[in-house]
Amino acid sequence: MCGIVGLIGNKDAAPLLVDALRRLEYRGYDSAGLATLVNGSIERRRAEGKIVNLDACTRAQPIGGTVGIAHTRWATHGVPVERNAHPHTDGRVAVVHNGIIENFAELRAEMEAQGRVFQSDTDSEVVVHLISSYWTDECGPVEAVKKALARLEGAFALGIIFAGEHDLMIGARLGSPLAIGYGDGEMFLGSDAMALAPMTNRLSYLEEGDWAVLRRGGVEIFDRAGQPVQRPVQVSALSAAVIGKGGFRHFMLKEIYEQPQVLGDTLHSMFNPVERTLTLPEIPFDLSAVKRVTIVACGTSFYAGSVARYWFESLARVPVDIDVASEFRYREPVMEPGGLALFISQSGETADTLAALRYCKAQGQHIVSLVNVTESSMARESDAILQTLAGPEIGVASTKAFTTQLMVLACFAVALGRARGVLSAAEEDRLSAALVEVPARASEVLNHDERIREIAEEVMHARDVLYLGRGSSYPIALEGALKLKEISYIHAEGYAAGEMKHGPIALIDEKVPVVVIAPHDSLFEKTASNVQEVVARGGKVVFFSDEHGVKKMGQNAVFTISLPTVDPFVAPILYAIPVQLLAYHIAVLKGTDVDQPRNLAKSVTVE
Ligand code: F6R
């Protein structure tokens, strides 16, 4: 995590850097800082907490300069105080860093033995001292960086400026993303295209091991071996305008309300409404020959994959393995070459998922990534890309990225079923018709917003909340619990409804709300029995179902929401929305920071 940005140009750097950091704040908000060159000297401003504090600091103590680097931090090594905020500097070299330097302890000992004094507890500061120690009369700053990079182990995106060097900024990447932005007589560095959106839309993405020497007139890029390389310049479609709240109180609410639109956009990128056929993006291998699918992801994306497992197995009759990325590699899974490995990630940068992708590549798997950011590392390292057209998701809690992931995965399940000769034309028609209905039904779900807010007024007082679901509703229960805990800080757990009686039922009393995700599908009666078990023990049930379900079971629940009746195939996509709204309203009522919950960051680029 952490976001970095740098610019070398002719305009006052500090306001531009602070503005760019605001667009990177989703990557972390423990502290922020910037450094510029003023009359050849490195000047720095840093502040604990969010960018707003750095902004106030730079207004109170203005800082000039037209060359600068800036950083917003998600703390890894060292508590989030100003002393540990980036940029780090020894007065000669200033560095911003995203990632983790794994061999920092030994490098720090080496530097301290040379008499160098460290001011922070971070792993990052070692980069400053390493470069500074190599920068001598005989060895210039560019050569010094090259030598230092060769010593670093771990993951990094770096931005570096040098005292007395007005026309020089260096960027480097290994494991953490970094883009170069091209302007007229000015150049930029940024963790992503969004950071640079108002300044330039012409970008090159550094590859693993690349480092770049930026001067006002242009950039030279070198690969890991120090050989000059060209990286294509792409035009980003992102505009700074799309990044506002559009009249909503929070980004999260705006993104929840965007779902009918982005679900439609995502579906239409794969579905031909005239011929009523699904067409996937080009897949450079034979889908019909796939014998096993392995899905790897983290957090909410993992829950999207967990729903997909039900779809892939039932509709395409293909065996599916699924694991959270942070555990996947450590199992050292045995993989038959020729399998399909599917990585799901909004950001396309999650370090654990990326590491799993590389593991699967080495195991001879076909690599497919489902991402929201097509310029991301995962997309660039995959054989095929599936894309969610969710647009930028700024709220740290994933909402529209999740439901659009489900939409793509549903389409992929149908395509896989067809390719494997498992689905009949009639079944495919039925499933396609169900998918086409989703955007309109999603709008209807949003009509329950006010009622869900009223339910939130009751649930907000709970200390613990349980979520139950069965079949493809089970991952939605898990997602509901994750949403609630991450933004409202209420303890919540999701369980397979049938597992209740194997332990969690001991928790049930009148103080524990139990949110039940129960579309009226073939599993409904079994879930209904589990609801009875909860009610018999005094549990307060919040029941999300449809007309039939509410008619049968509604009298047992304290609160019911009757969602549109849809084909059970697409129910997980729609039932995700009320659990998002419930978490949102509880968080707002509790007064937490909905868009930037404590301790979290949007893009998790450390393992
Ligand atoms: C929760 C949430 C996280 C992410 C997870 C993976 O609301 O957003 O659990 O889903 O960090 O991130 P991506 O999808 O970018 O790999």
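Just so you know, these numbers come straight off a predicted model, no measurement behind them.

Draft legend 1. Inspection of the pairing of strand 8 (residues 169–174) at higher detail. Burial within strand 8 is extensive, with six of its six residues counted as buried. Neither face of strand 8 is left uncovered, since the one carrying M169, G171 and R173 and the one carrying I170, A172 and L174 both have all their residues buried. Alignment of strand 7 (residues 154–162) against strand 8, held across four bridges, turns out to be antiparallel. In the sheet register, G159 faces strand 8, and the bridge partner there is G171. Connecting strand 7 to the antiparallel partner strand 8 that follows it, the hairpin turn spans six residues, and G164 within it adopts a positive phi of roughly 80°. One ladder, built from four bridges, connects strand 8 with strand 12 (residues 211–215); its direction is antiparallel. Bridging from a neighbouring strand, M169 pairs with L214 of strand 12.

Draft legend 2. Summary view of the packing of helix 3 (residues 104–113) against helix 4 (residues 125–134). Viewed as axis vectors pointing N to C, helix 3 and helix 4 meet at an angle of 45°, and their least axial separation amounts to 10 Å. With respect to each other, helix 3 and helix 4 are oriented oblique. Our pair here, helix 3 against helix 4, has a crossing hand that is left-handed. Taking contact as the criterion, the partners of F104, L107, R108 and M111 in helix 3 are, on helix 4, V126, H129, L130 and S133. Among the residues forming the contact of helix 3 with helix 4, the class breakdown is five nonpolar, two polar and one charged.

Draft legend 3. Structural context of the UniProt feature "domain: SIS" (unreviewed entry) in the protein. Those places that UniProt annotates as "domain: SIS" (unreviewed entry) correspond, in this numbering, to residues 283–422 and 455–597. In this annotation, residues 455–597 is assigned 42% helix and 20% strand; the end-to-end C-alpha distance for the span is 22 Å.

Draft legend 4. Summary view of the packing of aromatic side chains. Inspection of the entire model under this criterion finds eight aromatic pairs. Ring centres of W135 and F162 lie 5.6 Å apart, and the angle between their planes is 90°; this geometry places the pair in the edge-to-face category. Residue W135 is located in the loop between helix 4 and helix 5 (141–151), and its partner F162 is located in strand 7; the two are separated by 27 residues in the primary sequence. Taking NZ or CZ as reference, R92 lies 4.5 Å from the ring centre of W135, over its face. Lying over the aromatic face of Y489, R598 brings its terminal NZ or CZ to 3.8 Å of the ring centre.

Draft legend 5. Layout of the packing of helix 13 (residues 400–419) against helix 14 (residues 425–446). Interaxial distance between helix 13 and helix 14 falls to 11 Å at its minimum, and their mutual angle equals 170°. The pairing of helix 13 with helix 14 is recorded here as roughly antiparallel in orientation. Residue-level contacts link M407, A410, C411, V414 and R418 of helix 13 to E428, L431, L435 and V438 of helix 14. Here the contact of helix 13 with helix 14 is composed, by residue class, of seven nonpolar, no polar and two charged.

Draft legend 6. Region of the structure containing the site of the ligand. Neighbouring the ligand are 14 residues; S301, S345, S347, T350 and E486 lie closest to it. Between the ligand and T350, the relevant distance is 2.5 Å, taken from an oxygen atom to a side-chain nitrogen or oxygen of the residue. Within the backbone of V396, an N or O atom sits 3.4 Å from an oxygen atom of the ligand. When the free accessible area of the ligand is taken as 400 Å², the share hidden by the protein chains comes to 90%. Of all the secondary-structure elements, those providing two or more residues to the shell around the ligand are helix 9 (299–316) and helix 16 (474–488). Looking at the shell around the ligand, its residues break down into four nonpolar, eight polar and two charged.

Draft legend 7. Highlighting the nonpolar core. W311, F312, L342, Y467, F544 and F569 are the most contacted members of the largest nonpolar core, which totals 97 residues. With 14 residues, helix 19 (residues 571–590) is the largest single contributor of residues to this core. The residues touching L342, leaving out its near neighbours within four places in the chain, are T294, I295, V296, F312, V368, L370, L386 and L409. Counting residues in hydrophobic clusters, the runner-up holds 30 residues, among them V93, M111, F118 and V145.

Draft legend 8. Spatial organisation of the UniProt feature "domain: Glutamine amidotransferase type-2" (unreviewed entry) in the protein. In the numbering used here, UniProt assigns the feature "domain: Glutamine amidotransferase type-2" (unreviewed entry) to residues 2–217. The span residues 2–217 is 26% helical and 33% strand by assignment, and the distance between its end C-alpha atoms comes to 28 Å.

Draft legend 9. Local environment of the sheet that holds strand 11 (residues 202–205). In spatial order, the strands read 3-2-4-1-10-9-11-15; together these eight strands make up an open sheet with antiparallel pairing. Here the strands that pair on one side only, and so sit at the sheet edges, are strand 3 (41–48) and strand 15 (234–235). As paired elements, strand 1 (residues 3–8) and strand 4 (residues 67–73) share six bridges and run antiparallel to each other. Within strand 4, the residue paired with I4 across the bridge is H71. Across the sheet, helix 2 (residues 51–60) touches strand 2 (31–38), strand 3 and strand 4, and the angle it forms with strand 3 is around 135°.

Draft legend 10. Spatial organisation of the environment of F118. Mapped onto the fold, F118 is located in the loop between helix 3 and helix 4. For F118, a relative accessible area of 11% corresponds to the buried category. For the pair formed by F118 and P392, sequence separation is 274 residues and the distance between their alpha carbons is 38 Å. Once you skip the residues sitting within four places of it in the chain, F118 turns out to touch R108, M111, E112, E125, V126 and H129.

Draft legend 11. Here's a closer look at the pattern of salt bridges. Within the structure shown, the criterion is met by 32 salt bridges. In this structure, R83 engages D121 in a salt bridge whose closest nitrogen and oxygen atoms are separated by 2.9 Å. Taken as a pair, R83 in the loop between strand 4 and strand 5 (88–89) and D121 in the loop between helix 3 and helix 4 lie far apart in primary sequence, 38 residues in all. On the accessibility criterion, D121 (36% relative accessible area) is partly exposed. Notably, a salt bridge pairs D464 with R463, separated by 3.5 Å at the nearest N-O pair. Each of the salt bridges in this network shares a partner with another, and the network as a whole consists of R173, E208, R358 and E381.

What counts and what doesn't
- Residues numbered from 1 in each chain as written.
- Predicted model: local features only at pLDDT ≥ 70, side-chain atom pairs only at ≥ 80, totals over all residues.
- Heavy atoms only, no water.
- Buried < 20%, exposed > 50% of the residue type's maximum accessible area, 1.4 Å probe, protein only.
- Helix = DSSP H or I, 4+ residues; strand = E, 2+ residues; numbered from the N terminus.
- Pairing = 2+ DSSP bridges.
- Axes fitted to C-alpha atoms, helices over the stretch in contact; angles between N-to-C directions.
- Parallel < 35°, antiparallel > 145°, perpendicular 65-115°, else oblique.
- Left-handed = near helix turned anticlockwise from the far one by under 90°.
- Contact = heavy atoms within 4.5 Å.
- Nonpolar A, V, L, I, M, F, W, Y, C, P; charged D, E, K, R; others polar.
- UniProt positions renumbered as here; feature names shortened; annotations may be inferred.
- Phe/Tyr/Trp six-rings, centres within 6.5 Å; stacked < 30°, edge-to-face > 60°.
- Lys NZ or Arg CZ within 6 Å of the ring centre and 35° of its normal.
- Near = heavy atom within 4 Å.
- Polar contact = N/O pair within 3.5 Å; in protein donor to acceptor, adjacent residues only side chain to side chain.
- Areas by Shrake-Rupley, 256 points an atom, 1.4 Å probe, with all protein chains shown as cover.
- Core = buried A, V, L, I, M, F, W, Y, C linked by side-chain atoms within 4.5 Å.
- Salt bridge = Lys/Arg side-chain N within 4 Å of Asp/Glu carboxyl O.

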